[in-house]
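# Close look at the chain arrangement
Read off the chains here:
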Amino acid sequence: MRAAPSVVPTLDDLQHFGWRAAAACAGLPPEVVFARKAADAAPALLACSRCPVLRQCEESVAPAESWFDGVSAGRLWRNGRPVNLERGRRSRSVSTAASTSASTSTSTSVPAKNDD
């Protein structure tokens, strides 16, 4: 069995692995590339940001047609559907802001009225 391609693909790598040899994620472990959670997939998503073969990756994997789980073409997929990575961040920041606002409003006290 052949080893995974080196970081800089050689001509031999390109001939054996095709476009996959040039993929930025080529050296990443499978549990990162096929992760279902954004935190676990972060290294693969970062690799995609500098990958020269995104189009070939999406065409080959066809994530929407194959119920794919993992990272393909710069996106995290779960059951063949792209995962909205912004939704989780936005809801956490909104809930954090709401809890901060609530704690600020409950800690404000009104001085008692003195009728002397």
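Just so you know, these numbers come straight off a predicted model, no measurement behind them.

On inspection of all chains with the given rule, the structure shows one aromatic pair. Sitting above the plane of the Trp 77 ring, Arg 75 keeps its charged end 5.6 Å from the centroid.

To continue, consider the sheet that holds strand E3 (residues 81-82). The sheet built from three strands is open, its strands ordered E1-E2-E3 with antiparallel pairing. In this open sheet, the two strands that pair with only one neighbour each are strand E1 (70-72) and E3. In this sheet, E3 lies alongside strand E2 (residues 75-78) in antiparallel orientation, the contact comprising two bridges. For Arg 78, the partnering residue across the bridge sits in E3 and is Arg 81.

Attention shifts here to the side chain of Ser 72. Position of Ser 72 among the secondary structure elements: in strand E1. Those residues in contact with Ser 72 that sit more than four places away from it in its chain are Cys 57, Glu 58, Val 61, Pro 63 and Trp 77.

Counted by the stated rule, this structure contains two salt bridges. Two residues, Asp 69 and Arg 36, come together in a salt bridge whose shortest N-O distance is 2.7 Å. You can see Asp 69 sitting in the loop between helix H5 (63-66) and E1 and its partner Arg 36 sitting in the loop between helix H2 (30-33) and helix H3 (38-48), a full 33 residues away along the chain. For Arg 55, the salt bridge identified is with Glu 59, shortest N-O distance 3.1 Å. Highlighted residues: Arg 55 and Glu 59, both in helix H4 (residues 54-61), separated by four residues, approximately one helical turn.

So, on to the nonpolar core. Core analysis: the largest hydrophobic core is formed by eight residues, namely Val 32, Ala 35, Ala 41, Ala 44, Leu 45, Cys 48, Val 71 and Leu 76. Sorting elements by how many residues they give to this core places H3 first, with four residues. Beyond its immediate sequence surroundings of up to four residues, Ala 41 is in contact with Val 32, Ala 35, Val 71 and Leu 76. Within the second largest apolar cluster, five residues are counted, among which are Ala 23, Ala 47, Cys 51 and Val 53.

This next bit is on unusual backbone geometry. One can expect most non-glycine residues to show negative phi and most peptide bonds to be in trans. In the Ramachandran plot, Trp 67 falls in the positive-phi region, its phi being about 55 degrees despite a non-glycine side chain. The topology assignment puts Trp 67 in the loop between H5 and E1.

This paragraph deals with the confidence of the model for the chain. When pLDDT is averaged along the chain, the result is 76, and 59% of the positions lie at 70 or above. Note on residues 1-6: pLDDT under 50 across the span, and 12 contacts to partners over four residues away in sequence or across chains. Low pLDDT, under 50, characterises residues 98-108; the stretch is placed with zero contacts to residues that sit more than four places away or in other chains.

Procedures and definitions
- Residues numbered from 1 in each chain as written.
- Predicted model: local features only at pLDDT ≥ 70, side-chain atom pairs only at ≥ 80, totals over all residues.
- Heavy atoms only, no water.
- Phe/Tyr/Trp six-rings, centres within 6.5 Å; stacked < 30°, edge-to-face > 60°.
- Lys NZ or Arg CZ within 6 Å of the ring centre and 35° of its normal.
- Pairing = 2+ DSSP bridges.
- Helix = DSSP H or I, 4+ residues; strand = E, 2+ residues; numbered from the N terminus.
- Contact = heavy atoms within 4.5 Å.
- Salt bridge = Lys/Arg side-chain N within 4 Å of Asp/Glu carboxyl O.
- Core = buried A, V, L, I, M, F, W, Y, C linked by side-chain atoms within 4.5 Å.
- Buried < 20%, exposed > 50% of the residue type's maximum accessible area, 1.4 Å probe, protein only.
- pLDDT = per-residue confidence, 0-100.

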